[in-house]
Amino acid sequence: RSKIHSWGIFAEKDLFAGSLIHKFDASSFPTTKISEILLWPKHKREKFLHYAFQGGIDFYYGNFTVLNNDSSFLMNHHCDPNCAYVSDEELVALRDIKKNEE
């Protein structure tokens, strides 16, 4: 459980600034077109958009199977982040992150 936004990801060990936290492989992730998402009932659309992330002008990365099985979709936004993508694929620690820190 997260104080930031319901659910989140927490460090299992101390991480040092510059540590690779997640490597995103876009080729292995399914995509869902916005035109399809707009046809869904409001509750389904809102749940999906809460966890998925936009990959282009007309699509989002993810589907409900991926969202239910890939913990990277539980990453939360923060105005003072401890990690960030340094490329389209690599998420690294911006500073040291302590064990159990979100």
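Reading the values: rules and limits
- Residues numbered from 1 in each chain as written.
- Predicted model: local features only at pLDDT ≥ 70, side-chain atom pairs only at ≥ 80, totals over all residues.
- Heavy atoms only, no water.
- Patch = residues over 30% accessible without salt bridge, like charges linked within 9 Å, V, L, I, M, F, W, Y side chains within 5 Å.
- Areas by Shrake-Rupley, 256 points an atom, 1.4 Å probe, with all protein chains shown as cover.
- Salt bridge = Lys/Arg side-chain N within 4 Å of Asp/Glu carboxyl O.
- Helix = DSSP H or I, 4+ residues; strand = E, 2+ residues; numbered from the N terminus.
- Pairing = 2+ DSSP bridges.
- Axes fitted to C-alpha atoms, helices over the stretch in contact; angles between N-to-C directions.
- Phe/Tyr/Trp six-rings, centres within 6.5 Å; stacked < 30°, edge-to-face > 60°.
- Buried < 20%, exposed > 50% of the residue type's maximum accessible area, 1.4 Å probe, protein only.
- Disulfide = S-S within 2.5 Å.

### So, a nonpolar patch on the surface
Moving on, step 1. Where nonpolar side chains cluster on the molecular surface, the patch consists of Ile9, Met75 and Tyr85 and spans about 240 Å² of accessible area.
Moving on, step 2. Here Met75 lies in the loop between α3 (64-69) and β5 (83-85).

### Some details on the sheet that holds strand β1 (residues 20-23)
Moving on, step 1. With antiparallel pairing, three strands are arranged side by side in an open sheet as β1-β6-β5. Each edge of the sheet is formed by a strand with only one pairing partner; in this case those strands are β1 and β5. For this sheet the average axis-to-axis angle between neighbouring strands, irrespective of direction, equals 20 degrees.

### Quick notes on the packing of aromatic side chains
Moving on, step 1. Per the counting criterion, the structure on display carries three aromatic pairs.
Moving on, step 2. Arranged with centres 6.4 Å apart and planes meeting at 70 degrees, the rings of Phe48 and Tyr60 form a pair that is edge-to-face. Of the two residues, Phe48 sits in helix α2 (residues 42-51) while Tyr60 sits in strand β4 (residues 59-61), which places them 12 residues apart along the sequence. By the burial criterion, Phe48 is buried, and Tyr60 matches it.
Moving on, step 3. Aromatic side chains Phe59 and Tyr61 sit 5.4 Å apart centroid to centroid with 90 degrees between the ring planes, which places their arrangement in the edge-to-face category.

### Regarding the state of the cysteines
Moving on, step 1. Under the criterion given, the structure shown has zero disulfides.
Moving on, step 2. This cysteine, Cys79, is not joined by any disulfide, and Cys83 carries the nearest cysteine sulfur, 14 Å off.

### What to know about the pattern of salt bridges
Moving on, step 1. Summed over the entire model, instances satisfying the criterion amount to five salt bridges.
Moving on, step 2. Across the pair Glu90 and Lys23 runs a salt bridge whose closest N-O atoms are separated by 3.5 Å. Of the two residues, Glu90 sits in strand β6 (residues 90-93) while Lys23 sits in strand β1, which places them 67 residues apart along the sequence.
Moving on, step 3. For Glu90, a relative accessible area of 29% corresponds to the partly exposed category.
Moving on, step 4. Overall, Lys23 belongs to the partly exposed group, its relative accessible area being 48%.
Moving on, step 5. As a salt-bridge pair, Lys42 and Glu46 come within 3.8 Å of each other at their nearest N and O atoms.

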